[in-house]
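Breakdown of the fold
Listed below are the residues making up each chain.
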Amino acid sequence: MKTLLRPGGTITVVEGDHGSAFFHPRSEPAQAAIDCLVRLQADAGGDGLIGRRLYPLLVEAGFAGTEVEPRTVYADASKPDLVTGFTRDTFTAMVEGIGETAVAKGLIDEAEWARGIRDLHRTTREYGTFHYTFFKATAHRTPGGAS
């Protein structure tokens, strides 16, 4: 990306970090299901924990003025649109989508998987809460073209 950016140009990167997900009620099976997602993404060459690495990645790539800010999503019953749109229909749906693969690869057994997904759905109910962090990084290419 740096080579495509004009001297003085700015890059903005926004990435989530699945390790930042925490919720109430707390659940080890739900955490295990999330961990399966992180593992399968890593096995496919991705990084479900990349949000926390944006600063070193951009600095090591030679960008200047790198700044990273967390962007927190917090959902509870007082924010029904976030509960539905993010907790249930985005994050939990993403985790649910890898269930068959996670079980087939032996990362988790079917009963534990079902408990984990059930418990993630519990976070969308009246007293449930869900937190997730995205990281927004900005950096630039110096006017002279060097980092």
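My aim in this report is to walk through the structure given alongside it, one point at a time.

The rules behind each value
Residues numbered from 1 in each chain as written. Predicted model: local features only at pLDDT ≥ 70, side-chain atom pairs only at ≥ 80, totals over all residues. Heavy atoms only, no water. Helix = DSSP H or I, 4+ residues; strand = E, 2+ residues; numbered from the N terminus. Buried < 20%, exposed > 50% of the residue type's maximum accessible area, 1.4 Å probe, protein only. Areas by Shrake-Rupley, 256 points an atom, 1.4 Å probe, with all protein chains shown as cover. Lys, Arg positive; Asp, Glu negative; His and termini not counted. Charge placed at Lys NZ, Arg CZ, Asp CG, Glu CD. Salt bridge = Lys/Arg side-chain N within 4 Å of Asp/Glu carboxyl O. Phe/Tyr/Trp six-rings, centres within 6.5 Å; stacked < 30°, edge-to-face > 60°. Axes fitted to C-alpha atoms, helices over the stretch in contact; angles between N-to-C directions. Parallel < 35°, antiparallel > 145°, perpendicular 65-115°, else oblique. Contact = heavy atoms within 4.5 Å. Nonpolar A, V, L, I, M, F, W, Y, C, P; charged D, E, K, R; others polar. Polar contact = N/O pair within 3.5 Å; in protein donor to acceptor, adjacent residues only side chain to side chain. Pairing = 2+ DSSP bridges.

1. Focus on the overall build of the protein chain
In terms of regular secondary structure, the protein chain is built from five helices and three strands. When the helices and strands of the protein chain are placed in sequence order, the string is β-α-α-β-α-α-α-β. Across its three principal directions, the C-alpha atoms of the protein chain cover 60 × 40 × 20 Å. Buried residues in the protein chain amount to 41% of all 147 residues. Surface summary for the protein chain: the accessible area is close to 8200 Å², and the carbon and sulfur share equals 54%. Of the charged side chains in the protein chain, 16 are positive and 19 negative; the average position of the first set lies 6 Å away from that of the second.

2. Observations regarding the pattern of salt bridges
Taken as a whole and assessed by the stated rule, the structure comprises nine salt bridges. The closest approach of N and O atoms between Asp89 and Arg88, which form a salt bridge, is 2.7 Å. Since its relative accessible area comes to 43%, Asp89 is described here as partly exposed. Looking at Arg88, the relative accessible area reads 36%, which means it is partly exposed. We note a salt bridge from Asp119 to Arg118, for which the minimum N-O separation is 3.0 Å. Using a relative accessible area of 44% as the deciding quantity, one classes Arg118 as partly exposed. Members of the salt-bridge network, linked through shared partners, are Arg118, Asp119 and Arg122.

3. Comments concerning the packing of aromatic side chains
A complete count under the given rule lists seven aromatic pairs for this structure. An angle of 50° between the planes, with centres 5.1 Å apart, marks the rings of Phe91 and Phe130 as tilted. Of the two residues, Phe91 is situated in helix H3 (residues 80-96) and Phe130 in strand E3 (residues 129-140); the sequence distance between them amounts to 39 residues. Here a set of aromatic residues connected by ring pairs shows up, and it is made of Phe23, Phe86, Phe91, Phe130, Tyr132 and Phe134.

4. Digging into the packing of helix H1 (residues 28-43) against H3
Contact geometry of H1 with H3 gives a least axis separation of 9 Å together with a crossing angle of 75°. The angle between H1 and H3 falls in the class roughly perpendicular. Residues Ala33, Ile34 and Leu37 of H1 form the contact with H3, whose own contacting residues are Phe91, Met94 and Val95. Along the lines of polarity and charge, the residues of the contact of H1 with H3 split into six nonpolar, no polar and no charged.

5. Observations regarding the side chain of His18
Considering the arrangement of structural elements, one finds His18 in strand E1 (residues 10-24). Side-chain polar atoms of His18 contact the side chain of Gln41, separated by 3.1 Å. If we ignore the near neighbours within four places in the chain, the residues touching His18 are Ile34, Leu37, Val38, Gln41, Gly48, Leu49, Phe91, Met94 and Tyr132.

6. Quick notes on the sheet that holds E3
Pairing within the open sheet is antiparallel, and its three strands lie in the order E1-E3-E2. The strands lining the two open edges of the sheet, one partner per strand, are E1 and strand E2 (64-75). On average, each strand axis in the sheet is tilted by 20° relative to the strand beside it, whichever way the strands run. Bridge analysis of E1 against E3 gives eleven bridges, and the strand direction is antiparallel. Of the residues in E3, the one forming a bridge with Glu15 is Phe135.

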